[in-house]
Structures are given as structure tokens and as C-alpha cells.
Amino acid sequence: MSTTIGGAWLAAEGLEDTLAEDLSRRGVTVERWHGQLALSSQPAVYSPWALDIWLEPECVAIASIREAADTLRARQRNWSLYAATCFGRARLVEERLPPVKAAPLVFPALPPSSPLGAWTLLDPETLLFSARKTSPFPNGAPRFVENRTGPPSRAYLKLWEACTRLGRWPDPGTLCYDLGATPGGWTWALASLRARVDAFDRAPLAPAVAAMKNVRFHQASAFGLEPATLEKADWVFSDIIAYPQRLLRLAQRWIDTEQTRNMVLTVKFQGETDHETVSAFEAIPGGALAHLAHNKHELTFFWSDTAARDGVSPLPGWNAQPQPASE
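Residues numbered from 1 in each chain as written. Predicted model: local features only at pLDDT ≥ 70, side-chain atom pairs only at ≥ 80, totals over all residues. Heavy atoms only, no water.

### Points about the overall build of the chain
For the chain, the count of helices and strands is 9 helices and 15 strands. For 327 residues, the compact-globule estimate of 2.2 N^0.38 gives 20 Å, and the C-alpha radius of gyration of the chain, at 21 Å, lies within 12% of that figure. Considering only C-alpha atoms, the chain reaches an extent of 65 × 45 × 35 Å along its principal axes. In the chain, which comprises 327 residues, the proportion classed as buried is 53%. Element-wise, carbon and sulfur atoms account for 50% of the exposed surface of the chain, whose accessible area totals about 14,500 Å². Considering the chain, the positive charge centre built from 32 side chains and the negative charge centre built from 35 side chains are found 7 Å apart. (Helix = DSSP H or I, 4+ residues; strand = E, 2+ residues; numbered from the N terminus. Rg over C-alpha atoms; globule rule 2.2 N^0.38 Å. Buried < 20%, exposed > 50% of the residue type's maximum accessible area, 1.4 Å probe, protein only. Areas by Shrake-Rupley, 256 points an atom, 1.4 Å probe, with all protein chains shown as cover. Lys, Arg positive; Asp, Glu negative; His and termini not counted. Charge placed at Lys NZ, Arg CZ, Asp CG, Glu CD.)

The structure is reproduced here in C-alpha cells:
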């Protein structure tokens, strides 16, 4: 591969093929893999399957550990290492760089605002780096101070990450609908913010979650609800297991009836990735998709009526905008 690298995309473990398929649909050929980092001579475009996108990668020859560190320090202060090879040498370079404060977040918290670049060693004499990237977190993965006693599952971390990336979360007293809520990890997280939560599922919530004073449980299918018959929600959330096309229809029904101001849904894929439905979600005005560090073979769909009205992405701080997949 040429040392000219136009774009670099970091895949989640096990989703390298999915990322490559998505990039191909957007006209980008992955020419080389460096661990989980997809490299191409073509310019960086947005892919929702990337944990992080290096927007302005530069590839330079370095003669020493000191030269590598000096090259990075001359550009900016904060750098995060992606180590796929030359581990010992990379750590020695890292030791010469200012430390990056990446303490676990106490939710709710805004993501870091300081510029953070990314770098790696392609081989002992070749440094690849990008001063700009899409995620404010090292390798696209925020860490949280976890609650190991309250929630009935670890799914709440997915909601915490989604709200942190969004830079917003439900205020106290706002009305949230949690569709397909059982066992209640997301309901617990929302109720812990002191929001009013109406949880819908055919199966009951975990007793401790159902007992929270600002939670109301409704034994009903998320797909059987008629949004127009319900009170308008400030937020609609869902981590339900469903075919992507069915979830797309659900999202469109809530948007079309104007019965929510904000939406955060997990789009889950079983078997092959449904790229056509990914494109359909991306085409919704005011919406955006992203793969979160706590997602599996999933994407998270974000939507807000404000973003739809203003014609912008609901995800602030994401510097690369979606490029439609090729027909």
C-alpha cells in the first residue's frame, strides 16, 4: 500500500467485515488492515460502523522514539494510542507524550471538549497519526464509573454512552417512553435521572425497577402501541430485539405522528447486516446512526425534532457527516 493514507476507520472487534462492506457501499476500498484499523488512500467518509474515524491521517518516517514523540507534540497536546504492533516501542513513545486524562466518567457527564488526536506505529520506522478524529474518547470507547447494584443488567451502559455522545439526556420530570423495557436496565437509568418513565413490555420489569416511584409499567407490545393515543413524549427509547425493518417502521410511525421530541433506538442485526435498512435510517431527516463501544452487532439511531427542523445531525461534535451509500 502507498504511504499516502486518506482515511482510517477503527472497527469494533469482530465487525471488521461489516465496516468494510459499509465503506464499499460508500465508494471506499479498504486497502490494508492495521489490527482493527481500516486504511485507504481514499478520503475519510462517515461510516456508522466505525468506533472512531481518523479524519486527516498523516504517515511519516521516524528514526527514533524521540522523533515520533516530538512529531506529535509539535502538533498538539493530547494524543491517544492505538497499538496493533510494535507494542514496546509504542509504549516508549507514549511515555514521552503528555498524559491524557481519561478517568471514568460519572454519568451524567458531557464528553471531553479538548482536542484529541490518534496515532499508531505501522512499523518501527513509520508513524501514522491524525490530529482530528470523530470520537472524543481514546479509540472511541468511553469508560464509566459503573453501578453494580441498582440496574438489573449491564444494558444501562449503552444508554449512558448514547446520552453522553448526544451531549443531552432527559431532565427531571420529562416524560420518557421505554419500549420493550424488560428487564429494565434502560428504565432504571432513565428513572435514576428523575425522569418520568412509562415502560412498555409484554413481560414484567425486574421488581426493584418496577418499584421506583417515577416508573409506570404497561403490559403491552411496543409494536402494538398507537403513538397518537398517548401523551406526547419528550423522549422515546428502545433497546428491543426486533428485525431492523420492523424497528424502522416503528421509528417512522413515532416521527410521522409527531409524538416525541427525541428518540434513541438500538438497531440490532441478526446474521447478515441489513445495509439497505441502515441506508433507510440514515435517510430520515434529523436522524443519525453510530456504533457505540457498548453495542454488539448493533447501531444506535438518534433523532430529534430540532435536528430535523434545522437540517442538521442530532450528534454534536461529529466532524464527519454521513455520505450516502452508493446505489
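### Regarding the environment of Trp 54
In this structure, Trp 54 sits in strand E4 (residues 50-54). For Trp 54, a relative accessible area of 1% puts it in the buried group. On a C-alpha basis, the gap between Trp 54 and Leu 10 in space is 8.1 Å, while along the polypeptide they are 44 residues apart.

### Focus: the nonpolar core
Core analysis: the largest hydrophobic core is formed by 79 residues, its most contacted members being Trp 9, Trp 160, Leu 179, Phe 237, Met 263, Phe 281 and Phe 301. Ranked by the residues each element gives to this core, the list is headed by helix H4 (residues 156-166), at 7 residues. Listed in part, the 16 residues of the second largest apolar core include Ile 65, Leu 81, Val 93 and Ala 131. (Core = buried A, V, L, I, M, F, W, Y, C linked by side-chain atoms within 4.5 Å.)

### Focus: the pairing of E4
Among the 5 residues in E4, 5 count as buried, and that is most of the element. Across 4 bridges, strand E1 (residues 7-11) lies against E4 in antiparallel orientation. Paired with Ala 11 across the two strands is Ala 50, which belongs to E4. (Pairing = 2+ DSSP bridges.)

### Section: the packing of H4 against helix H5 (residues 185-192)
Packed helices, taken two at a time, are described by their axes: the angle between them and the distance between them. Between H4 and H5, whose axes approach to 7 Å, the crossing angle comes to 50°. As judged from the angle between their axes, H4 and H5 are oblique. Across the interface between the two elements, Tyr 156, Lys 158, Leu 159 and Trp 160 of H4 pack against Gly 185, Trp 186, Trp 188, Ala 189 and Leu 190 of H5. Residue composition of the contact of H4 with H5, by class: 7 nonpolar, 1 polar and 1 charged. (Axes fitted to C-alpha atoms, helices over the stretch in contact; angles between N-to-C directions. Parallel < 35°, antiparallel > 145°, perpendicular 65-115°, else oblique. Contact = heavy atoms within 4.5 Å. Nonpolar A, V, L, I, M, F, W, Y, C, P; charged D, E, K, R; others polar.)

### Brief notes about the pattern of salt bridges
Counting across every chain of the model gives 19 salt bridges. Two residues, Glu 298 and Lys 158, come together in a salt bridge whose shortest N-O distance is 3.2 Å. Taken together, the residues Glu 298 in strand E15 (residues 298-304) and Lys 158 in helix H4 connect sequence positions 140 residues apart. We note that Glu 298, like Lys 158, is buried. For Asp 310, the salt bridge is made with Arg 309, and the minimal N-O distance between the two is 3.2 Å. Exposure remark for Asp 310: the relative accessible area of 43% places this residue in the partly exposed category. (Salt bridge = Lys/Arg side-chain N within 4 Å of Asp/Glu carboxyl O.)

### With respect to the sheet that holds strand E6 (residues 79-81)
Strand order in the open sheet formed by 4 strands is E5-E8-E7-E6, and the pairing between neighbours is mixed. The sheet is open, and its two edges are formed by strand E5 (57-61) and E6, each paired on a single side. Neighbour-to-neighbour, the strand axes of the sheet open up by a mean angle of 30°, direction not taken into account. Pairing geometry for E5 and strand E8 (residues 126-130), over 5 bridges, is antiparallel. From the neighbouring strand, Pro 57 faces E8, where its bridge partner is Ser 130. Relative to the sheet, helix H2 (residues 65-73) contacts E5, E6, strand E7 (117-123) and E8, its axis offset from that of E8 by approximately 20°. Where helix H3 (residues 87-95) meets the sheet, it contacts E6 and E7, and its direction lies at approximately 145° from that of E7.

### Remarks on the sheet that holds E1
As summarised here, the arrangement of the 4 strands in space is E2-E3-E1-E4, forming an open sheet in which the pairing is antiparallel. Taken across any chain shown, the strands that pair with only one partner, and hence form the sheet edges, are strand E2 (32-34) and E4. The sheet shows a mean angle of 25° between the axes of neighbouring strands, direction not considered. By the bridge criterion, 4 bridges tie E1 to strand E3 (residues 37-40) in an arrangement that is antiparallel.

### Considerations on the packing of aromatic side chains
In the structure shown here, the tally under the stated rule is 13 aromatic pairs. Ring geometry for Tyr 156 against Trp 188: centres 5.4 Å apart, planes inclined by 75°, an arrangement best described as edge-to-face. Of this pair, Tyr 156 sits in helix H4 while Trp 188 sits in helix H5; the two residues are 32 residues apart in sequence, bridging distant segments of the chain. An identical accessibility class is assigned to Tyr 156 and Trp 188; each is buried. (Phe/Tyr/Trp six-rings, centres within 6.5 Å; stacked < 30°, edge-to-face > 60°.)

### Re the pairing of E15
E15 sits mainly inside the fold: 7 of its 7 residues count as buried. Of the two faces of E15, the one holding Glu 298, Thr 300, Phe 302 and Ser 304 and the one holding Leu 299, Phe 301 and Trp 303 are both buried throughout. In the sheet, strand E13 (residues 262-268) pairs with E15 via 7 bridges, with the strands oriented antiparallel. Bridge pairing links Thr 266 to Thr 300 in E15. One ladder, built from 4 bridges, connects strand E14 (residues 287-290) with E15; its direction is antiparallel. Pairing of Gly 287 across the sheet is with Trp 303, part of E15.

Note that all results are geometric; they support no functional claim without further evidence.
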